[in-house]
Amino acid sequence: GPQPTDSPTLSPKPTFAPVIKTAEPSKAPTPNTFFCGETYQDAEQNCFTATPCPNGVGCPAGESCYGIAIPKCVSSAPTAAPTDSGPQPTDSPTLSPKPTFAPVIKTA
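It should be emphasised that the depicted structure is a prediction, and the values quoted were computed from it without experimental measurement.

Let's talk about the nonpolar core
Among soluble globular proteins, nonpolar side chains are generally buried collectively.
Stage number 1. If you look at the biggest cluster of nonpolar residues, it comprises 6 residues: Phe35, Ala43, Cys47, Ala50, Ile68 and Cys73.
Stage number 2. Beyond its immediate chain neighbours, meaning those up to four positions away, Phe35 contacts Ala43, Cys47, Ala50, Thr51, Pro52, Cys53, Ser64, Cys65, Tyr66, Ile68 and Cys73.

Next up, the structure:
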């Protein structure tokens, strides 16, 4: 068989796997918190229908841009109430008929 040598032989160094750089995840859209109104209260109360002014400009004449930070103005507008309310509970439970006696199996 092969005899051991005096010095070890060097294996080639392993190469590292290539690093594939993926794109950074996109940031969630920043909700607009700036709305037009004649007053701060007007802009806050009507933030769903008020003109958004994310850059501080673009309000109709007579209105200013206000930063509204309350949560209801940051989320999307509420949708209309559902039209079908579904089955309504009855006043009292309905009673099922009592069970009959267990069947009698006749054997031949």
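Section: the packing of aromatic side chains
Stage number 1. All told, the structure shown has 1 aromatic pair when counted by the stated rule.
Stage number 2. Each ring, one from Tyr40 and one from Tyr66, has its centre 6.1 Å from the other, and the planes form 90°; the classification is edge-to-face. Here the residue Tyr40 occupies a position in helix α1 (residues 40–45), and Tyr66 occupies one in strand β2 (residues 64–67), the gap between them amounting to 26 residues.
Stage number 3. Since its relative accessible area comes to 32%, Tyr40 is described here as partly exposed.

Procedures and definitions
Residues numbered from 1 in each chain as written. Predicted model: local features only at pLDDT ≥ 70, side-chain atom pairs only at ≥ 80, totals over all residues. Heavy atoms only, no water. Core = buried A, V, L, I, M, F, W, Y, C linked by side-chain atoms within 4.5 Å. Buried < 20%, exposed > 50% of the residue type's maximum accessible area, 1.4 Å probe, protein only. Contact = heavy atoms within 4.5 Å. Phe/Tyr/Trp six-rings, centres within 6.5 Å; stacked < 30°, edge-to-face > 60°. Helix = DSSP H or I, 4+ residues; strand = E, 2+ residues; numbered from the N terminus.

Function-wise, these values are silent; they only describe arrangement.
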